[in-house]
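Examination of the molecular architecture
Each chain is listed here by its residues.
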Amino acid sequence: MKFEWKGVMPAVTTKFNQDDSLDLKVFRKNIEAQVEAGVHGIVLGGSLGEASTLTAEEKKVLIKETIQIVEGKIPVIMTIAEQATTMALQAVKDAQESGANGLMILPPMRYKSTDYETVEYFKEITRSTELPIMIYNNPVDYKIEVTVSMFKELLELKNITAVKESTRDIINIGRLRNAFGKDLSILTGVDPLALESLLIGADGWVAGLVCAFPAETVAIYELAKAGYTKEATEIYRWFLPLLELDISPQLVQNIKLAEVATGIGTETVRKPRLPLQGKERERVLQVIDAGLKNRPVLPDYKNLTAVNKELV
């Protein structure tokens, strides 16, 4: 599948049964809701997907299941987040054989690699596949930054064409755009900076709270890109307290609670994670409840081109 790195791409949660097996029934329900809302791709096996707890076989199952659900309408992206290069190469092979349409690759896990080691890691993985690749740049959580100079070297490899920009330094979007123009697609990965990022040139949004609020997330993207800044901002301001649940060590538990509230998920997480407890659980539920009580009525965001023509 040929596709563009743009639009809203949910970093979906992984659903589990109480016996710790994959809950593919609820997983399907959520993916179907994403597709219906108009998302532009599905990202599997990220931090929000509890990737570090998934087996290689479970990742294959999730790819195949998602491909079956989306029926070729949108790309299915698999995350590669491994501790060793050999493990990453095997994960890439598994993803490709399972039918993934693209890859999101993180720097080495656990070991804080040097700039040289990081670039060589990415290069070796990239040379092993023809799948399009998005580099995940998140030095806040993973302590390794992929700088502009590193990207200059990486973009010599033709299938590295996108970055999930999660430095939380919004100026970096301008730096990357000035350095590479349209040769590098930029997708913001920080929910509470999403609208700002889109308005200054980001091509898309690898989103978290979209897992519970797919229509609202896609509406913000479509409105912003169509020039309806005021309308996008109104929805975004309503959404912001919820979006801040994404920038927390407990983002998985937070977002799964939100999925329960909107009827497209369960709270079950895989140990060592546990459901939220006590005052923190109460706080998160209050944020979710307030959001639901004030949930906005969305415009017809899927037909903005027609609306634009009428306004001209």
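Residues numbered from 1 in each chain as written. Predicted model: local features only at pLDDT ≥ 70, side-chain atom pairs only at ≥ 80, totals over all residues. Heavy atoms only, no water.

On to the pattern of salt bridges, then. Within the structure shown, the criterion is met by 19 salt bridges. Across the pair Glu-65 and Arg-28 runs a salt bridge, and its minimum N-O distance is 3.6 Å. Pair noted here: Glu-65 is in helix 2 (residues 56-70) and Arg-28 is in helix 1 (residues 24-37), with a separation of 37 residues, a long-range link. Glu-65 gets classed as buried once you look at its relative accessible area, which sits at 16%. The partner of Lys-123 in a salt bridge is Glu-153, and the shortest N-O contact between them spans 2.7 Å. Here the residue Lys-123 occupies a position in helix 4 (residues 115-127), and Glu-153 occupies one in helix 6 (residues 148-154), the gap between them amounting to 30 residues. Among the residues examined, Glu-153 registers a relative accessible area of 33% and is labelled partly exposed. Linked through salt bridges whose partners overlap, the residues forming this network are Asp-20, Glu-58 and Arg-270. (Salt bridge = Lys/Arg side-chain N within 4 Å of Asp/Glu carboxyl O. Helix = DSSP H or I, 4+ residues; strand = E, 2+ residues; numbered from the N terminus. Buried < 20%, exposed > 50% of the residue type's maximum accessible area, 1.4 Å probe, protein only.)

Ordered by their spatial adjacency, eight strands build an open sheet running 1-8-7-6-5-4-3-2, and the pairing between neighbours is parallel. The two strands at the open ends of the sheet, each matched to only one other strand, are strand 1 (7-10) and strand 2 (42-44). With direction set aside, neighbouring strand axes in the sheet form an average angle of 25°. In the sheet, strand 1 pairs with strand 8 (residues 204-207) via four bridges, with the strands oriented parallel. Across the sheet, residue Pro-10 finds its bridge partner in strand 8, namely Ala-207. Contacting strand 3 (76-80) and strand 4 (102-105), helix 3 (residues 85-98) runs over the sheet at an angle of about 165° to strand 3. (Pairing = 2+ DSSP bridges. Axes fitted to C-alpha atoms, helices over the stretch in contact; angles between N-to-C directions. Contact = heavy atoms within 4.5 Å.)

Another point: helix 11 (residues 251-261). Of all 11 residues that make up helix 11, nine are buried, and the element is covered over most of its length. Turning to helix 11, its buried residues number three or more, namely Leu-251, Val-252, Gln-253, Asn-254, Ile-255, Lys-256, Leu-257, Ala-258 and Glu-259. Positive backbone phi, approximately 80°, marks Gly-263, located one or two places after helix 11.

Turning our attention to the pairing of strand 5 (residues 133-137). By the criterion of burial, strand 5 is predominantly enclosed, with five of the five residues buried. Burial of strand 5 is two-sided: the residues Ile-133, Ile-135 and Asn-137 facing one way and the residues Met-134 and Tyr-136 facing the other way are all buried. Bridge analysis of strand 4 against strand 5 gives three bridges, and the strand direction is parallel. In the strand pairing of strand 5, Met-104 is matched with Met-134.

Contact pair helix 3 / helix 4: the axes reach a minimum separation of 9 Å and the direction vectors enclose 30°. Between helix 3 and helix 4, the angle falls in the class roughly parallel. For the crossing formed where helix 3 meets helix 4, the hand is right-handed. In this structure, helix 3 uses Thr-85, Ala-88, Leu-89 and Val-92 to contact helix 4, whose residues at the interface are Tyr-121, Glu-124 and Ile-125. Taken together, the residues that form the contact of helix 3 with helix 4 break down as five nonpolar, one polar and one charged. (Parallel < 35°, antiparallel > 145°, perpendicular 65-115°, else oblique. Left-handed = near helix turned anticlockwise from the far one by under 90°. Nonpolar A, V, L, I, M, F, W, Y, C, P; charged D, E, K, R; others polar.)

What follows concerns the side chain of Asp-246. Summarising the element assignment, Asp-246 is placed in the loop between helix 10 (229-243) and helix 11. Among buried Asp, Glu, Lys and Arg side chains, Asp-246 stands out as unpaired, with Arg-168 the closest opposite charge at 7.0 Å. Discounting residues that sit within four places of it in the chain, Asp-246 has contacts with Gly-189, Asp-191, Gly-208, Leu-209, Leu-251 and Ile-255. (Lys, Arg positive; Asp, Glu negative; His and termini not counted.)

Moving on: the nonpolar core. With 85 residues, the main nonpolar core has Leu-44, Leu-103, Phe-151, Leu-209 and Leu-242 as its most contacted residues. Residue contributions to this core peak at seven residues, all from helix 10. Filtering out sequence-adjacent residues up to four positions away, Leu-209 remains in contact with Asp-191, Thr-217, Phe-239, Leu-242, Leu-243, Leu-245, Asp-246, Ile-255 and Ala-258. One finds Phe-3, Leu-106, Met-109 and Tyr-136 within the second-largest nonpolar core, a separate group that totals 14 residues. (Core = buried A, V, L, I, M, F, W, Y, C linked by side-chain atoms within 4.5 Å.)

Moving on, we get to the packing of helix 9 (residues 214-226) against helix 10. Close contact between helix 9 and helix 10 brings their axes to 8 Å; oriented N to C, the two are set at 150°. Here helix 10 runs roughly antiparallel to helix 9, going by the angle between their axes. By crossing handedness, the relation of helix 9 to helix 10 is classed as left-handed. Seen from helix 9, the contacting residues are Glu-216, Thr-217, Ala-219, Ile-220, Leu-223 and Ala-224; seen from helix 10, they are Thr-229, Glu-231, Ala-232, Ile-235, Tyr-236, Trp-238 and Phe-239. For the contact of helix 9 with helix 10, a count of residues per class yields nine nonpolar, two polar and two charged.

Let's shift gears to the packing of aromatic side chains. Describing an aromatic ring pair means giving the distance of the ring centres and the angle of the ring planes. Taken as a whole and judged by the stated rule, the model has seven aromatic pairs. A centroid spacing of 5.7 Å and a plane angle of 75° characterise the contact between Phe-213 and Phe-239, whose relative ring orientation is edge-to-face. Placement of the pair is Phe-213 in the loop between strand 8 and helix 9 and Phe-239 in helix 10, with a sequence separation of 26 residues. Under the relative-accessibility criterion, Phe-213 is labelled buried at 0%. For Phe-239, a relative accessible area of 0% gives the class buried. (Phe/Tyr/Trp six-rings, centres within 6.5 Å; stacked < 30°, edge-to-face > 60°.)

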